[in-house]
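# Descriptive analysis of the structure
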Amino acid sequence: MRAVVRIDTARAVAVIDRKIYGNFAEHLGRCIYGGIYEPGSPRSDERGFRTDVAEAVRDLGVSILRWPGGNFVSGYHWLDGVGPREERPHRHDLAWHAIETNQFGTNEFIAYCQLIGAEPYLCLNLGTGTIDEAAAWLAYCNCDDSTYYAELRRKHGHREPHRVAYWGLGNELYGDWQIGHKTAEEYARLAEETAKVLRWTDPTIKLVACGAQRVDWDWEVLSRVARHVDYISAHFYFGPRPDEDRITSLLAAPFAAAEYLDILSGLIAGVRREQKIDHPIGIAVDEWNVWYRQRKPPLEEQYDLTDAVCVAAFLNLLRERAAHVTIANLAQLVNVIAPIFTRPDGLFRQTIYWPLYAAARFSGSTVLRSDVECDGFSSPRVLAGSVPYLSGLATLDPDRRVLFLSLVNLHPREAMETRILLREARMADRIRAHVITGDHPDTINSFENPDAIHLVTRNLSALGTEPTWEAPPLSASVLEIPLGG
Ligand code: AHR
């Protein structure tokens, strides 16, 4: 198959906020306990953090980490997780039907964020929690005065405030699987009142309202809380529809999600215009991933090549929308629908690790205007009716004058002969190609074969006089192209 990519190197469309390379860790299965935190393991440091996991997380370039849930947070009381560990209560976790020991709590989470170099993002309990409890958590983390919760933090050994900037106003409260779920109106009222009190406690924070990927809910919530918040969330989990071809159905799902992101951008613009709101309201895609095989804990999904291509396509679509999507968190970090998979004696990187790694490392800060001309496949999942076989995203590192061209070939069998046309610049030599592909759509990584799918970097002297890249079937490639004059 053939495609043409046209890139205008002089036309910047948006600047990427690095918070889109975020992740999420929930108290669920082996994400926290036995994943990032395993006290007593020879692989853990003196605080109980698995050092091999932390290294793999750092390599992934995780910019912001959301915690502690997810569904878990709607029954979570933060006070259970601070203070001497031996005094912390065990509780029923009614979201995932487990027992929560509270050995990992707020201060452990903050220490972990420091270890991996990520910004902390706390999600509040608006299921069973109260406004008071939310404000107390904020005061515990951020206040530097003589009030009770600031003193309590000091008593727990943390003199300086944690200064947590990002706070989520609850998780998925629209769904009846959520503890304390609500109608849009009920949620909007509670979110509004909570937001006011949080801002009065610390005016510097950024607040994320809970969206539902549905126009009725998102419009109602935005209409009520837009004045008080900085973001609205959207969650996307990709899986094939049972009555459709597995590969094309799965690979169409990110495009359907992107269509909703465009709709949500319109809703935000509408509310800001109607209510004359000056401050920006971004979209926080604060949970997303491929997830369809295991619906019950431990959710230890094993990812294949097709899943990696699906993740790569969504990373292109997210960055294409960088003007609106300014936070994104893959769900989740370790073991639970995750790019990193552990057992007591080691870990391996799942297939989806590599597109995340490539996006965080091999991407410029500036999204360039570009377009892709190629065939597509029809899909009832998208309003557009069809999905292009090739997804392309051009970004520029303006300081080094390096162009990064991310090309994702969704075709399961055919390579894509891709002609690359630049306006306003020419390609220098010393091009590098970072490629993720494999022989079979179902190939997975495992402890026995940890590198079946991984990222391979090749140096190319040039792409020829008529620059062309042959994108292998089911592949994600990033071409790193220094620009000449
Ligand atoms: O990531 C797994 C779960 O998916 C989260 O707990 C919840 O928010 C979502 O439904």
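Residues numbered from 1 in each chain as written. Predicted model: local features only at pLDDT ≥ 70, side-chain atom pairs only at ≥ 80, totals over all residues. Heavy atoms only, no water.

## Some points on the packing of helix α1 (residues 51-60) against helix α2 (residues 106-116)
Interhelical geometry of α1 versus α2 gives an angle of 60° and a closest axis separation of 9 Å. Regarding the angle of α1 to α2, the classification is oblique. Taken together, the residues of α2 that come into contact with α1 (itself represented by V53, A54, V57 and R58) are Y112, L115 and I116. Taken together, the residues that form the contact of α1 with α2 break down as six nonpolar, no polar and one charged. (Axes fitted to C-alpha atoms, helices over the stretch in contact; angles between N-to-C directions. Helix = DSSP H or I, 4+ residues; strand = E, 2+ residues; numbered from the N terminus. Parallel < 35°, antiparallel > 145°, perpendicular 65-115°, else oblique. Contact = heavy atoms within 4.5 Å. Nonpolar A, V, L, I, M, F, W, Y, C, P; charged D, E, K, R; others polar.)

## Description of the nonpolar core
Within the largest apolar cluster, 168 residues are counted, with the highest numbers of intra-cluster contacts made by Y112 and W288. Residue assignment places this core across two domains, with domain 1 (2-10 + 367-482) and domain 2 (17-363) each supplying three or more. With seven residues, the next largest nonpolar core counts I64, Y166, V208 and A284 among its residues. (Core = buried A, V, L, I, M, F, W, Y, C linked by side-chain atoms within 4.5 Å. Buried < 20%, exposed > 50% of the residue type's maximum accessible area, 1.4 Å probe, protein only. Domains from an automatic or database assignment.)

## Quick look at α1
Along α1, the residues that are buried comprise D52, V53, A54, A56, V57 and L60. Those residues of α1 that are buried are in contact with β2 (22-24), α2, β12 (340-343), β13 (346-349) and α9 (353-361).

## Section: the pattern of salt bridges
Following the criterion strictly, the structure yields 36 salt bridges and no others. When the shortest N-O distance is used, the salt bridge between R50 and D52 registers 2.8 Å. Of the two residues, R50 and D52, neither departs from the other in class, the shared state being buried. The residue R224 makes a salt bridge to E192 at a minimum N-O spacing of 2.9 Å. Note that R224 is positioned in helix α6 (residues 215-225) and E192 in helix α5 (residues 184-201), a separation of 32 residues in sequence. Assessed through its relative accessible area of 8%, E192 is described here as buried. (Salt bridge = Lys/Arg side-chain N within 4 Å of Asp/Glu carboxyl O.)

## Notes on the site of the ligand
Around the ligand, the neighbouring residues are F24, E26, G70, N71, W96, N171, E172, Y237, E287, W291, Q332 and I337. Residue N71 places a main-chain N or O atom 2.9 Å away from an oxygen atom belonging to the ligand. One of the side-chain N or O atoms of E172 is found 2.7 Å from an oxygen atom in the ligand. For the ligand, whose free accessible area comes to 280 Å², the fraction covered by protein is 95%. The residue makeup of the shell around the ligand, split by class, is five nonpolar, four polar and three charged. (Near = heavy atom within 4 Å. Polar contact = N/O pair within 3.5 Å; in protein donor to acceptor, adjacent residues only side chain to side chain. Areas by Shrake-Rupley, 256 points an atom, 1.4 Å probe, with all protein chains shown as cover.)

## Side note on the packing of aromatic side chains
Remark: the centre distance and the inter-plane angle together describe each pair of aromatic rings, the angle taken between the planes. Throughout the structure, instances matching the rule amount to 32 aromatic pairs. Between the aromatic rings of Y37 and F104, the centroid separation amounts to 5.4 Å while the plane-to-plane angle is 70°, which identifies the pairing as edge-to-face. With Y37 in the loop between β2 and α1 and F104 in the loop between β5 (98-100) and α2, the pair connects residues that are 67 residues apart, well separated along the chain. Look at Y37 and you get buried, because its relative accessible area is 4%. With a relative accessible area of 0%, F104 lands in the buried category. For R66, the ring lying beneath its charged end belongs to F24, and the centroid distance is 4.8 Å. (Phe/Tyr/Trp six-rings, centres within 6.5 Å; stacked < 30°, edge-to-face > 60°. Lys NZ or Arg CZ within 6 Å of the ring centre and 35° of its normal.)

Keep in mind these numbers describe shape, not what the thing actually does.
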